[in-house]
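Residue-level structural notes
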Amino acid sequence: MSPSIDYDAPTPPYQQIAAEIIRDIESGTLAVDRPIPSESALIQRWGVARDTARRAVRHLRELGYVYTVPQRGTYVRDRSTVDDQPGG
């Protein structure tokens, strides 16, 4: 079953996508130093605009869950050595 965006929810779509990725990270479905789905994959999976996918990834970066390597992708950050401060 493909996830869907609740456009009537008080949470913006990009935060809904980020929350799903955070659940995957915290459950171990997405492992440390492994890539998260690409923007194109997020667009296809969620049926959202590219800007929404980018905002979701940016939000994850700001929260300290991922890091981006230019021209390579975005990867899960090891949060085991990071305190609870956003951005690590």
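An account of the accompanying structure is given in this report.

Between its first and last C-alpha, helix 1 (residues 13-27) extends 21 Å over 15 residues, near the 21 Å set by a 1.5 Å rise per residue. Listed in full, the buried residues belonging to helix 1 are Tyr14, Gln16, Ile17, Ala18, Glu20, Ile21, Ile22, Asp24 and Ile25. On its buried face, helix 1 is in contact with helix 2 (39-46), helix 3 (50-63), strand 1 (66-69) and strand 2 (73-76). Two residues or fewer after helix 1 comes Gly28, characterised by a positive phi angle close to 90 degrees.

So, on to the nonpolar core. One finds Ile17, Ile21, Ile25, Ile36, Leu42 and Leu60 to be the most contacted residues of the largest nonpolar core, which totals 19 residues. Sorting the residues of this core by element identifies helix 1, helix 2 and helix 3 as the ones contributing at least two each. By residue number, the principal contributor to this core is helix 1, which donates 6 residues. With residues near it in sequence (within four places) discarded, Leu42 still touches Ile17, Ile21, Pro37, Gly47, Val48, Ala53 and Val57.

For Glu20, the location among the structural elements is in helix 1. Side chain to side chain, Glu20 and Arg23 meet in a polar contact 2.9 Å long. Once residues within four sequence positions are removed from consideration, Glu20 is found in contact with Arg45 and Trp46.

Moving on, we get to the environment of Ser4. Of note, Ser4 is situated in the segment before helix 1. The class for Ser4 is exposed, based on a relative accessible area of 60%. In the structure, Ser4 is positioned 13 residues away from Ile17 in sequence and 9.1 Å away in space, judged by C-alpha atoms. Leaving out residues up to four positions away in the same chain, Ser4 has contacts with Gln16 and Trp46.

Looking now at the packing of helix 1 against helix 2. Look at helix 1 against helix 2: their axes get within 12 Å of each other, and the N-to-C directions meet at 110 degrees. Taken together, helix 1 and helix 2 sit at an angle that is classed as roughly perpendicular. Every residue of helix 2 that contacts helix 1 at Gln16, Ile17, Glu20, Ile21 and Asp24 is listed here: Leu42, Arg45 and Trp46. Looking at the contact of helix 1 with helix 2 residue by residue, the class counts come to 4 nonpolar, 1 polar and 3 charged.

Basis of the calculations
- Residues numbered from 1 in each chain as written.
- Predicted model: local features only at pLDDT ≥ 70, side-chain atom pairs only at ≥ 80, totals over all residues.
- Heavy atoms only, no water.
- Helix = DSSP H or I, 4+ residues; strand = E, 2+ residues; numbered from the N terminus.
- Expected span 1.5 Å × (residues − 1).
- Buried < 20%, exposed > 50% of the residue type's maximum accessible area, 1.4 Å probe, protein only.
- Contact = heavy atoms within 4.5 Å.
- Core = buried A, V, L, I, M, F, W, Y, C linked by side-chain atoms within 4.5 Å.
- Polar contact = N/O pair within 3.5 Å; in protein donor to acceptor, adjacent residues only side chain to side chain.
- Axes fitted to C-alpha atoms, helices over the stretch in contact; angles between N-to-C directions.
- Parallel < 35°, antiparallel > 145°, perpendicular 65-115°, else oblique.
- Nonpolar A, V, L, I, M, F, W, Y, C, P; charged D, E, K, R; others polar.

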